[in-house]
Amino acid sequence: MFSTIWLNQMINTLKLYAIVYRNYTSMKILYVLIVISVSFIACNSGEDESMAKQEEQKVQSPELLTVTLEERFQTIPLSGRIKADNRLMIFPEIQGKILPFEKAFREGTAYQKGETILNFDSEEIRLQLQSSKSRFKTLVAQVLPDIKMDFPDSFPNLNAWYSSLHPEKAVPDLPDINDPQLRQFLSSRGIFDNYYQTKSAESKLQKFTIAAPFTGTLSMAQAEAGQVVGPQFHLGTLVDPASFILEASVDRQEIARIETGSSIDVFDQNRSSTWSAVIERINPSLDPKTQMVSIYLSVEGDDLREGMYLEGALPSKEGSFLARIPRSALSRTGEVYVVENDAIKQRPVEVMNIENVHIWVSGLRNGDRIVVNAKPAYSGLKLQHAGS
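Please read these numbers as outputs of a predicted model, since none were measured by experiment. (Residues numbered from 1 in each chain as written. Predicted model: local features only at pLDDT ≥ 70, side-chain atom pairs only at ≥ 80, totals over all residues. Heavy atoms only, no water.)

Draft legend 1. Inspection of the layout of surface pockets at higher detail. The volume enclosed by the largest pocket comes to roughly 400 Å³. Taken together, 17 residues form the lining of the largest pocket, with Pro77, Arg271, Ala313, Asn353 and Ile354 sitting closest to its centre. Elements supplying a minimum of two residues to the lining of the largest pocket: β3 (69–84), β16 (309–326) and β19 (350–354). Sort the elements by how many residues they give to the lining of the largest pocket and β3 lands first, with five residues. (1 Å grid on protein atoms, 1.4 Å probe; cavity = no way out; pocket = protein on both sides within 12 Å on 5 of 7 lines; lining within 4 Å. Points joined across faces, edges and corners; volume = space filled by probe spheres on them. Helix = DSSP H or I, 4+ residues; strand = E, 2+ residues; numbered from the N terminus.)

What follows is the structure, given as structure tokens:
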């Protein structure tokens, strides 16, 4: 600074001397001094900018964390929504009018196994069935005298079976007929044809009643008494609240580490409740959209509801040494800032596990010092020690 001021004063003096005395020697000296001054000022300016940059980089040390490696067994994260393992979509197999309910057909209504859920008006089909049974019994009565005469050994069994036929009861199964000639005789008289037609009508009549195939609860109901519905109408959904299936997606590279029958703990999003889950099945195909493999876990326990979102993790048999660091220490590019020789440098890491506030990463060494908050940091930042 002082040299610059002195040079300026000398230049001004020589200018004045040259003008007054028109001394060419002084003008030459003036020209040389001007060149020297420009060079000197340029050098000083470069030094000032360099010093300013260094001063700018020397900032107060950010919050640092000393890394301590811990042996961790890697886990495979799982998550998904649970569905009832036993689930029945209720559709009628016939067309008919819904009769008044024995129990309110509403969401939350529970049914025991075998209990009637819905009844349809079956009066017409019931009367037709009774008529068919009467005609069938008449047809059998017409052939019994011929059987008694031509097939006396088979008559007692067929006569006893005929006596059990009743229009109000289900048609009993045909007795065993081993004689080929007797079978041919009965077939020629239409006995077999009428028997199977009557059994078919009985089966159709049973479809006018819908019973619960397992103990469960209605999760959806949209049927009203008096409503006429057909086979395409979705009446409701019955679910078993005691057993659920959790479907989760896993990277195909992790499938080799998963075995059916393995047990893990799953929890809700608030981590307030935990349940035990067992891997039941592994889908052999990849999802074409996500390129992930679906696995299915059975979950049982109290307070479970269909549609709940559960999370869990499968443990690994192979351990590795990882560092537990705050999430804020990881930059958007997947790197952390490490202190080396009082300067900050970027180092790439691999995230192995994620917690609420912290993450487990590989790629750091024991004793490394990292910046806790990666947002204001940058590579090349100089650290200023206390008192410097």
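Draft legend 2. The arrangement of the environment of Ile90 in detail. Examined against the element boundaries, Ile90 turns out to sit in strand β4 (residues 87–90). Spatially, the C-alpha atoms of Ile90 and Phe233 are 8.6 Å apart, while their sequence positions differ by 143 residues. Look past the residues within four positions of Ile90 in its chain and what remains in contact with it is Ile117, Ile210, Leu218, Phe233, His234, Leu235, Gly236 and Leu238. (Contact = heavy atoms within 4.5 Å.)

Draft legend 3. Layout of empty space enclosed by the protein. Taken as a whole and judged by the stated rule, the model has four cavities of 30 Å³ or more. Along the walls of the largest cavity sit Lys133, Ser134, Phe136, Lys137, Leu165, His166, Pro167, Lys169, Ala170, Val171 and Pro172, which together make up its complete lining. Taken together, the residues of the lining of the largest cavity break down into six nonpolar, two polar and three charged. Lining the second largest cavity we find Val140, Val143, Leu144, Ile147, Leu158, Trp161, Leu186 and Ile191. Taken together, the elements giving at least two residues each to the lining of the second largest cavity come down to α3 (123–150) and α4 (155–163). Sort the elements by how many residues they give to the lining of the second largest cavity and α3 lands first, with four residues. Classifying every residue of the lining of the second largest cavity by side-chain character gives eight nonpolar, no polar and no charged. (Nonpolar A, V, L, I, M, F, W, Y, C, P; charged D, E, K, R; others polar.)

Scope: geometric values only; no functional claims are made or implied.
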